[in-house]
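# A closer look at the structure
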Amino acid sequence: DVKVTQSSRYLVKRTGEKVFLECVQDMDHENMFWYRQDPGLGLRLIYFSYDVKMKEKGDIPEGYSVSREKKERFSLILESASTNQTSMYLCASSQGQGIAEAFFGQGTRLTVV
Amino acid sequence: AQSVTQLGSHVSVSEGALVLLRCNYSSSVPPYLFWYVQYPNQGLQLLLKYTTGATLVKGINGFEAEFKKSETSFHLTKPSAHMSDAAEYFCAVRNNNNDMRFGAGTRLTVKP
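This is a predicted model, so every value here is computed, not measured.

We now examine the interface of chain B and chain A. Tallying the contact residues gives 23 residues for chain B and 28 residues for chain A. Where chain B abuts chain A, roughly 1900 Å² becomes buried across the two surfaces, and 51% of that area is made up of carbon and sulfur atoms. At the junction of chain B with chain A, the criterion picks out two salt bridges. Here A:Asp59 ties to B:Arg101 by a salt bridge, and the two come within 2.5 Å at their closest N and O atoms. For the pair chain B and chain A, the interface holds 13 residue pairs in polar contact (both at pLDDT 80 or more). Among the elements of the structure, β4 (32-38), β5 (44-49), β9 (87-94) and β10 (100-102) of chain B are those that each provide at least two residues to the side of chain B that touches chain A.

What follows is about the packing of aromatic side chains. Scanning all chains against the criterion turns up 14 aromatic pairs over all chains. Ring centres of A:Phe104 and B:Phe102 lie 5.7 Å apart, and the angle between their planes is 80 degrees; on these two criteria the pair is classed as edge-to-face. Here A:Phe104, found in strand β10 (residues 103-104), pairs with B:Phe102, found in strand β10, and the two come from separate chains. Of the residues examined, B:Phe102 reaches a relative accessible area of 9% and is grouped as buried. Where B:Tyr36 meets B:Phe102, the ring centres are 5.5 Å apart and the plane angle is 55 degrees; that geometry is what we call tilted. Highlighted residues: B:Tyr36 in strand β4 and B:Phe102 in strand β10, separated in sequence by 66 residues. Accessibility classification places B:Tyr36 together with B:Phe102 in one group, the buried group.

Moving on, we come to unusual backbone geometry. One non-glycine residue, A:Asp28, lies in the positive phi region at around 60 degrees. Note that A:Asp28 resides in the loop between β3 (19-25) and β4 (31-38). Overall, the relative accessible area of 52% leaves A:Asp28 in the exposed class. Residues other than glycine seldom take positive phi values, yet B:Thr72 does so here, at roughly 45 degrees. In this fold, B:Thr72 is placed in the loop between β7 (64-68) and β8 (73-78).

Residues and elements named next belong to chain B. Note that Gln6 resides in strand β1 (residues 4-7). Taking relative accessible area as the criterion, Gln6 reaches 10% and is therefore assigned buried. There is a polar contact of 3.0 Å between the side chain of Gln6 and the backbone oxygen of Tyr89. Within the structure, Gln6 has its side chain in polar contact with the backbone nitrogen of Cys91 (distance 3.0 Å).

With that settled, consider the side chain of A:Gln85. All names here are of chain A. Relative to the elements of secondary structure, Gln85 occurs in the loop between β8 (73-78) and β9 (87-94). For Gln85, a relative accessible area of 4% corresponds to the buried category. If near-sequence neighbours (up to four positions away) are discounted, Gln85 is found in contact with Arg36, Glu62, Gly63, Tyr64, Leu78, Ser80, Leu110 and Val112.

Rules of the game
- Residues numbered from 1 in each chain as written.
- Chains lettered and ligands numbered in written order.
- Predicted model: local features only at pLDDT ≥ 70, side-chain atom pairs only at ≥ 80, totals over all residues.
- Heavy atoms only, no water.
- Contact = heavy atoms within 4.5 Å.
- Buried area = accessible area lost by both parts, 1.4 Å probe.
- Salt bridge = Lys/Arg side-chain N within 4 Å of Asp/Glu carboxyl O.
- Polar contact = N/O pair within 3.5 Å; in protein donor to acceptor, adjacent residues only side chain to side chain.
- Helix = DSSP H or I, 4+ residues; strand = E, 2+ residues; numbered from the N terminus.
- Phe/Tyr/Trp six-rings, centres within 6.5 Å; stacked < 30°, edge-to-face > 60°.
- Buried < 20%, exposed > 50% of the residue type's maximum accessible area, 1.4 Å probe, protein only.

Nothing here speaks to function; it is geometry throughout.
Written out as C-alpha cells, the structure is:
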C-alpha cells in the first residue's frame, strides 16, 4: 500500500515563527502536493512538485514556500507564521503518468497563536 | 487550470434513501475526474475515478458516478444510504500539468 506520512499530527506555533511541515511518500511517486483544508472551502492547493527541485504555485502560495531535495520528501515552510495560517494541512502524492489518483497523508493540524 | 464546483455544501438524507452529490467541471474537453471521501478525523480516500470510454463509473461502498459531457457533470450517487456513509465528499480534477484541484466539499448526513 502507498504510504504518505506527515511528520506531525498536531502542531502549535507562535506568530512569527518559521514552521516546517514534512511529508514523506514511499511509492516513488513523481508528483507531490500540499493543500490546506478549511471548513466550507474544501482543499486548496498551495504548491505542488512534479520532480525533484521542481515546483509550481497553486491557488494560495502567499506566505508559504516548499522544498523538494529528494524524490520521496516534500516540505512546506511557513516563513513567518500568522494566525490566519491556522488550518489543517494535507500532503499527497501521485504517479506522474496516466489517470493516477492522489494518495493522502493523515494531515497536520497547525494552530498559530 | 480546470476546476470543479460542488453544488450543496450539506446534503441530508434518510437511511435507505437515494444519495445524490453534485459536481460540475469547467473544462471543454473530458478531464480526469475523481471522487474522494473523508470520514471524521480521517484522511481522504479514493471512492472512484473517471477513465475515458465509460460514462458510468463504479466505486467502493456501492457508490457510482456518471460522466455527462453535455452537462459537464460528474455526479455521485448511491441507491440506498447507510448510516456509515456519513462523511464529507470531495470532487476533484487532474489537470494536464498533473496538479489536482478539489471542490469545496459536500457534507452528507444520514438520518435514521
